[in-house]
Amino acid sequence: MNRRKRAEKKKKERAERLRRERHERQSRPAEAEEQYEEVFVAPELDDERYAAAARRALGPGVAPDSPEFAAELARQRERPIEDVIDEALDAGGREAGEELGFHTLECDPDDQLDVAREALALDPDNVDALACVALTGMDDASKAADELARIVERAGRALGPDLAAVEPRGDLGANFAARPYLRARAELTRLLASLERPAEALQHAREIAALDRGDSQVLCDVYVGLLLEFDELAEARALFERFAPEESPALAWASVLERFLSDDRVAARRTLALARALLPEFEEFLAGEAFEPEEDDDLRATVVAVGSAWMKHEAALEWLLAGAPWTSETEREAARATYSPPVAKLLELGEPDTDERADAARLRELGFGPRDVPELTRMACDVALHEHEADHPACWAPSHALRALTALRADAAVEPLLAYAAEHEIDEALRFDEFFAAIGPAAIERLARKAADGSEPVEPRLHAIEGLARIGAADSDARRAVVEALAPILREHERHVPPVNAFVIVALGNLGAREFRELARAAFRAGHVDTNVFADVGEIERRFRDGARR
């Protein structure tokens, strides 16, 4: 859940939380007070409510950054928030109007307009209520934006010296009195962006960012989308240094676009994995799938923030819809020219012969030796060759290179191949298992380290486990060493992801290591085994039983 979604959820939960607090306060013993306060954390608006209570208690003339105000604010925060709310409403006038302005941000959408008008009857200058009327009380969105712009301008003039004083520091978000202004201006920015008035939206986003570097209004998603729409790549990169792509799906998809536009396809492809994990629906949206963004908060927010930027850059969109290749056609052509004989001959062989003996004979004719291992390893891991069209003979070169490495028992290729698997999907034509089996016991220690390393991506760990299993199956003398290498993973199954545990169980079962049957069943019952591999305990039992017969 991203930061905006968390903020919206807090607003929706307020009424229920206050009802629950009131009930808990009536029923809990006095000694539970401290524990209770730790459980119910006040949402963002409570800070503003407590600050308003501190102003009421101190009266006019006390600066909000003074020690006196800080001490009073700390005292107010010890009070139940519903008492503070009731006090403001009972005070009437501007104080009650301010509280009702807060209500417009939290109440049911059907009630917002009525609450806003009630707030304005008490406090005609209440920015939250004015913004609510502009956004929900006007049918024409463009006219609503113009009205909201006037509200923001008037609120800015009312803040006056505060804005000029804070800009060098960028900490206006810490000023409680300025929060309504920031909220209204952030809403104006989003509205302008959605109305395809991006130049105006970008100007507001830049100025808000200068005033509020902490991004209290969670506007960085929209800001970076606007920057990319105008190809302001350096400024966008600076934002990514402050707000990581992991923080929201919109930032992740924006980062993919920025990397592509910066001609760094490798980084774009790596970030794409994160973006797809966070919000795969956005890629489907860009592909023209029938989606209703309104039904998904994250999808709606991402479409609003970066959808226009993606649509503007046709080359990036074509790249994404073509499968997001790591390399361009130019890079693929250049890659072929970097190999020298005899390894370069593999670029011309095309699809391997269905007769494996004939295929092996073709490779022997080329006379590969130890001196060719580095070049063959580079070819086996060359993503540019992997991405050639299927009808181009060079697309088969990595497969031929791996077969040559297998024939040479080139253990120096173990780590590079596993590193390649960490970032790329492995084509079935790449026979990793056969390669590791050919290396034999010399690869056990390295494969075992990879398999057990929880910081590694899952895919290379699975290849390492399969390689260990093939080594153990091909060499009876190595079987015990392989079992001992895999056993610690299963013993600590709670520390490893379910697919890894499942592959370890498959390997131990195939090797006939029946002594681990009970441990495998316990891991399954604990929910630590991938159910796509083993649907039930009975399948685990059969795996160990059938493996022991081999």
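Q: Would you mind showing me how to read the overall build of the chain here?
A: Counting secondary structure elements, the chain contains 32 helices and 0 strands. Of all 550 residues assigned to the chain, the portion counted as buried reaches 48%. Put simply, 64% of the contacts in the chain that link residues at least 6 apart link residues at least 24 apart. Carbon and sulfur atoms make up 49% of the accessible area of the chain, which amounts to about 27,000 Å² in all.

Q: So what exactly am I meant to see when it comes to helix H19 (residues 314–321) here?
A: Note that an α-helix has 3.6 residues per turn; residues three or four places apart therefore point the same way. Where H19 is concerned, the buried positions are Ala-316, Leu-317, Trp-319 and Leu-320. Around the axis of H19, the buried residues are gathered within 160° of arc, so they sit on the same side. For H19, the exposed residues set more than 90 degrees away from the buried face come down to Glu-314 and Glu-318. Where the residues of H19 are buried, they touch helix H15 (249–261), helix H16 (265–278), helix H17 (280–286) and helix H18 (297–312). One or two steps after H19, the chain reaches Gly-323, where phi turns positive at roughly 100°.

Q: It is not clear to me how the packing of helix H8 (residues 127–136) against helix H9 (residues 141–159) should be interpreted in this structure. Could you clarify?
A: Between two packed helices, what matters for the description is the angle formed by their axes and the separation of those axes. Contact pair H8 / H9: the axes reach a minimum separation of 9 Å and the direction vectors enclose 170°. Taken as axis vectors, H8 and H9 run roughly antiparallel relative to one another. On H9, the residues that touch Val-127, Leu-130, Ala-131, Ala-134 and Leu-135 of H8 are Ala-144, Glu-147, Leu-148, Ile-151, Arg-154 and Ala-155. Looking at side-chain class alone, the contact of H8 with H9 contains 9 nonpolar, no polar and 2 charged residues.

Q: So what exactly am I meant to see when it comes to unusual backbone geometry here?
A: Note on backbone geometry: most residues besides glycine have negative phi, and most peptide bonds are trans. Along the chain, Pro-341 connects to Pro-342 via a cis peptide bond; the corresponding omega equals 0°. The phi torsion at Asp-215 lies on the positive side, around 55°, for a residue other than glycine. Position of Asp-215 relative to the elements: it lies in the loop between helix H12 (198–211) and helix H13 (220–229). By relative accessible area, which is 8% here, Asp-215 ends up buried. With phi around 55°, Ala-324 is a residue other than glycine that occupies positive phi space. Mapped onto the elements of the fold, Ala-324 is located in the loop between H19 and helix H20 (329–336).

Q: Please explain the state of the cysteines as it appears in this structure.
A: By definition, a disulfide links two cysteine residues through a covalent bond between their sulfur atoms. Enumeration over the complete set of coordinates arrives at 0 disulfides. Cys-107 provides the cysteine sulfur closest to Cys-132, a residue in no disulfide bond, and the two sulfurs are 6.9 Å apart.

Q: Can you walk me through the nonpolar core in this structure?
A: Within soluble globular proteins, side chains that are nonpolar tend to cluster in buried spots. Judged by nonpolar contacts, the single largest core of 72 residues is most densely connected at Tyr-181, Trp-253, Phe-282, Trp-310, Trp-319 and Leu-320. When neighbours within four sequence positions are excluded, Phe-282 is seen to be in contact with Trp-253, Leu-299, Thr-302, Val-303, Val-306, Gly-307 and Trp-310. Listed in part, the 69 residues of the second largest apolar core include Leu-385, Ala-401, Ala-404 and Phe-436.

Q: Looking at this structure, how should I read empty space enclosed by the protein?
A: Summary: where empty space remains is shown by rolling a probe the size of a single water molecule over the atoms. Scanning the model with the defined rule gives 3 cavities of 30 Å³ or more in all. Ala-205, Ile-208, Ala-209, Asp-212, Asp-215, Leu-219, Cys-220, Tyr-223, Leu-239, Arg-242 and Phe-243 together form the lining of the largest cavity. Every element with two or more residues in the lining of the largest cavity is listed here: H12, H13 and helix H14 (233–242). Broken down by element, the residue count for the lining of the largest cavity peaks at 3 residues, all from H12. The residue makeup of the lining of the largest cavity, split by class, is 8 nonpolar, no polar and 3 charged.

Q: How should I be thinking about the packing of helix H29 (residues 476–491) against helix H30 (residues 498–510) in this particular structure?
A: At a closest axis distance of 10 Å, the pairing of H29 and H30 adopts a crossing angle of 145°. H29 and H30 meet at a crossing whose hand is left-handed. Residues Val-483, Leu-486, Ile-489 and Leu-490 of H29 pack against Val-500, Asn-501, Val-504, Ile-505, Ala-507 and Leu-508 of H30. Residue composition of the contact of H29 with H30, grouped by class: 9 nonpolar, 1 polar and no charged.

Q: I keep staring at a negative patch on the surface and nothing clicks. Help me out?
A: There is a patch of like negative charges on the surface, built from Asp-108, Asp-110, Asp-111, Asp-114 and Glu-118. Along the chain, the position of Asp-114 falls in helix H7 (residues 109–122). Note on Asp-114: relative accessible area 52%, which makes it exposed.

Q: Sorry, what's going on with the side chain of Arg-183 here?
A: Its place among the elements puts Arg-183 in helix H11 (residues 179–194). Here Arg-183 falls in the buried class, since its relative accessible area comes to 10%. Setting aside its immediate chain neighbours within four residues, Arg-183 contacts Leu-45, Glu-48, Phe-102, Leu-105, Asp-128 and Gln-217.

Q: Whenever I open this one, the environment of Thr-327 confuses me. Can you help?
A: Residue position: Thr-327 is located in the loop between H19 and H20. On a C-alpha basis, the gap between Thr-327 and Val-266 in space is 7.7 Å, while along the polypeptide they are 61 residues apart. Residues in contact with Thr-327, not counting those within four places in the same chain, are Arg-265, Arg-332, Val-383, Ala-384 and Glu-387.

Q: Mind showing me how you'd approach the pattern of salt bridges here?
A: Note that side chains of opposite charge can pair when their charged atoms are close. Tallied over the full model, the rule gives 37 salt bridges. Asp-47 serves as the salt-bridge partner of Arg-77, at 3.5 Å between the closest nitrogen and oxygen. Placement of the pair is Arg-77 in the loop between helix H4 (67–76) and helix H5 (81–91) and Asp-47 in helix H3 (residues 44–58), with a sequence separation of 30 residues. Of the residues examined, Arg-77 reaches a relative accessible area of 40% and is grouped as partly exposed. By relative accessible area, Asp-47 is classed as partly exposed at 28%. The partner of Arg-183 in a salt bridge is Asp-128, and the shortest N-O contact between them spans 2.9 Å. Of this pair, Arg-183 sits in helix H11 while Asp-128 is found in helix H8, placing the two residues 55 residues apart along the sequence. Residue Asp-128 is classed as buried on the basis of its relative accessible area of 6%. Among the charged side chains, a network of salt bridges with common partners joins Asp-46, Arg-49, Glu-99 and Glu-106.

Q: Is there a simple way to think about the environment of Gly-170 in this case?
A: With respect to the helices and strands, the residue Gly-170 is situated in the loop between helix H10 (161–166) and H11. With a relative accessible area of 6%, Gly-170 lands in the buried category. Along the sequence, Gly-170 and Gly-214 sit 44 residues apart, while their C-alpha atoms lie 7.7 Å from each other. Once residues within four sequence positions are removed from consideration, Gly-170 is found in contact with Ala-210, Leu-211, Asp-212, Arg-213 and Gly-214.

Analysis parameters
- Residues numbered from 1 in each chain as written.
- Predicted model: local features only at pLDDT ≥ 70, side-chain atom pairs only at ≥ 80, totals over all residues.
- Heavy atoms only, no water.
- Helix = DSSP H or I, 4+ residues; strand = E, 2+ residues; numbered from the N terminus.
- Buried < 20%, exposed > 50% of the residue type's maximum accessible area, 1.4 Å probe, protein only.
- Contact = heavy atoms within 4.5 Å.
- Areas by Shrake-Rupley, 256 points an atom, 1.4 Å probe, with all protein chains shown as cover.
- Arc of directions from axis to C-beta.
- Axes fitted to C-alpha atoms, helices over the stretch in contact; angles between N-to-C directions.
- Parallel < 35°, antiparallel > 145°, perpendicular 65-115°, else oblique.
- Nonpolar A, V, L, I, M, F, W, Y, C, P; charged D, E, K, R; others polar.
- Disulfide = S-S within 2.5 Å.
- Core = buried A, V, L, I, M, F, W, Y, C linked by side-chain atoms within 4.5 Å.
- 1 Å grid on protein atoms, 1.4 Å probe; cavity = no way out; pocket = protein on both sides within 12 Å on 5 of 7 lines; lining within 4 Å.
- Points joined across faces, edges and corners; volume = space filled by probe spheres on them.
- Left-handed = near helix turned anticlockwise from the far one by under 90°.
- Patch = residues over 30% accessible without salt bridge, like charges linked within 9 Å, V, L, I, M, F, W, Y side chains within 5 Å.
- Salt bridge = Lys/Arg side-chain N within 4 Å of Asp/Glu carboxyl O.
- Lys, Arg positive; Asp, Glu negative; His and termini not counted.
- Charge placed at Lys NZ, Arg CZ, Asp CG, Glu CD.

The values are spatial; any link to function lies outside them.
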